[in-house]
Structure formats: C-alpha cells, structure tokens
Amino acid sequence: MLKLKGALGLLAAGVLVSMSPLALAHGDVTPHPIDTSALKQLGTTWADANPYRGDKQAAAVGAEGYMHNCAGCHGLNVITGGVAPDLLKLDADCLDMDAKEQQEACLKDTDAYFKEITLSGKKNSEGRYTMPAYSAVFTQEAVWALKAYVDVRTHEELHK
C-alpha cells in the first residue's frame, strides 16, 4: 500500500509539473513600464484623443508594450483568444462611418474609453478586478502608444 501511495504521489507531482506551463498561459500580469523615450513627449495634461494616431513609431512602441502587458489576456497581435474583450472591435464601427466628423467623434470616444479602462482597470459585477489598473505604471505616452498599435492592428484586420 505504501508503494502505491508513493507511486500516486509521484504521478500527481508529475501531472502538476506538466501543467505548470498552463498556469502561466496568460503570461505575467504584473504591469510593466513601457519605454516611450523615443516618442514626442506629451506633457502632464492628458489629451482627449490619441495624439499618436497614425504614428508608426508610436505604434511600434505600443506593439512592444502590448506584448509585455496586454497579449496574455487580449491575445497575440490583438487577436483575442476569448479570455478578454476583443480590442479589434473597439474602433471597427467608427471606421465604417462615412462622415469624417462622425468618425473622428467616435474615435475620440473610443480613445477616452480605452484610456479610462487602461488606467483604472475593469471590475466585474462582483467587484473583482478582471483587468488591472495601469495608472501607477503607464504614462500618457504609453497609453496612447498602446492605442496607436491597437488602431494599426484594427486597420490591418479590417482591410484583409
């Protein structure tokens, strides 16, 4: 009987060890600062809309930051795996609008939403955080660089 318990213990330990990569499948959820030193600095007053929209350098900085902070839940290349909301849908309706003024107003609204959720985090109906708040780690430049990357990926996916 003792040998059976030992074998079962070893089997259980083996299962746990083999499953440990699955426990990390969503990556490190500790917020990591994003190096924005290569970008035009925006100052302390937050912009109402993304000042980096269409800026390739900002999108590249955002891509790097996204991989370290967002991909674990929102998916590699902003293609969701179903764990967290699909960020590609954030601007999709705006980009379908014909009137430029409507489109700009819509994008400004989605920028504001993105900024708020990124800085404050998101809680579920039970009050549990389902997304961490990044306000203590991200600068304005970091938030807008992330959004610039999400915008680029949205355009790429819509124009496949």
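Every residue gets a number counted from 1 within its own chain, in the order that chain's sequence is written. Thresholds applied to this predicted model are a pLDDT of at least 70 for local features of residues and 80 or more for the giving and counting of side-chain atom pairs; totals over whole chains, interfaces and linings are not thresholded and use all residues. In computing side-chain values, all of the structure's heavy atoms are included and hydrogens and water are not.

## Points about the packing of aromatic side chains
By convention here, two paired aromatic rings are described through the distance between centres and the angle between planes.
Next, step 1: The criterion for an aromatic pair is that two Phe, Tyr or Trp rings (for Trp, the six-membered ring) have centres within 6.5 Å, with stacked assigned to planes under 30 degrees apart, edge-to-face to planes over 60 apart and tilted to the rest. As enumerated under the stated definition, the model contains three aromatic pairs in all.
Next, step 2: With a centroid separation of 6.3 Å and 65° between ring planes, the pair formed by Trp46 and Trp144 is classed as edge-to-face. Highlighted residues: Trp46 in the loop between helix 1 (2–23) and helix 2 (56–69) and Trp144 in helix 6 (residues 140–158), separated in sequence by 98 residues.
Next, step 3: A relative accessible area of 29% means that Trp46 is categorised as partly exposed.
Next, step 4: A residue is classified by how much of its surface remains accessible, and Trp144, at 0% relative accessible area, is buried.
Next, step 5: Between Tyr134 and Phe138, the aromatic rings sit 4.6 Å apart at their centres with planes inclined by 20°, giving stacked as the arrangement. One exposure class covers both Tyr134 and Phe138, and it is buried. Per the convention used, a helix needs a DSSP run of H or I reaching at least four residues, while a strand needs a run of E reaching at least two, with both numbered from the N terminus. Type-normalised accessible area, obtained with a 1.4 Å probe on protein chains alone, sets the label of each residue: buried when under 20%, exposed when over 50%, and partly exposed for intermediate values.

## Describing the environment of Val150
Next, step 1: Residue position: Val150 is located in helix 6.
Next, step 2: Val150 sits 88 residues away from Gly62 along the chain, and the two C-alpha atoms are 8.1 Å apart.
Next, step 3: In this analysis, two residues are considered to be in contact whenever any of their non-hydrogen atoms come within 4.5 Å of each other. In contact with Val150, other than residues within four places in its own chain, are Leu87 and Phe114.

## Some remarks on the confidence of the model for the protein chain
Next, step 1: In the predicted model, the protein chain carries a mean pLDDT of 86, and the fraction of residues at 70 or more is 82%.
Next, step 2: Between residues 15–26, whose pLDDT stays under 50, and residues either more than four places distant or in other chains, the model counts three contacts. Confidence of the prediction at every residue is given by pLDDT, a number between 0 and 100.

## Quick word on the pattern of salt bridges
Next, step 1: The working definition used for a salt bridge is a side-chain nitrogen of Lys or Arg within 4 Å of a carboxyl oxygen of Asp or Glu. Going through the model one piece at a time under the given rule, you end up with nine salt bridges.
Next, step 2: We note a salt bridge from Asp151 to Arg53, for which the minimum N-O separation is 2.9 Å. Taken together, the residues span a long stretch of sequence, with Asp151 in helix 6 and Arg53 in the loop between helix 1 and helix 2 at a distance of 98 residues.
Next, step 3: Taken together, the shared-partner salt bridges connect Arg53, Asp91, Asp111, Lys147 and Asp151 into one network.

## Some thoughts on the state of the cysteines
Next, step 1: Cysteine sulfurs are considered disulfide-paired once they come within 2.5 Å of each other. The full count for this structure, using the stated rule, is one disulfide.
Next, step 2: The disulfide bridge from Cys94 ends at Cys106, spanning 1.9 Å between sulfur atoms. Looking down the S-S bond of the Cys94 and Cys106 bridge, the torsion is -65°, so its handedness is left-handed. Here Cys94 is found in helix 4 (residues 92–95), whereas its partner Cys106 is found in helix 5 (residues 100–120), with twelve residues between them in sequence.
Next, step 3: The buried category is assigned to Cys94, whose relative accessible area is 1%.
Next, step 4: We note that Cys70 lacks a disulfide partner, and the nearest cysteine sulfur, in Cys73, lies 8.9 Å from it.
Next, step 5: Given the relative accessible area of 26%, Cys73 is considered partly exposed.

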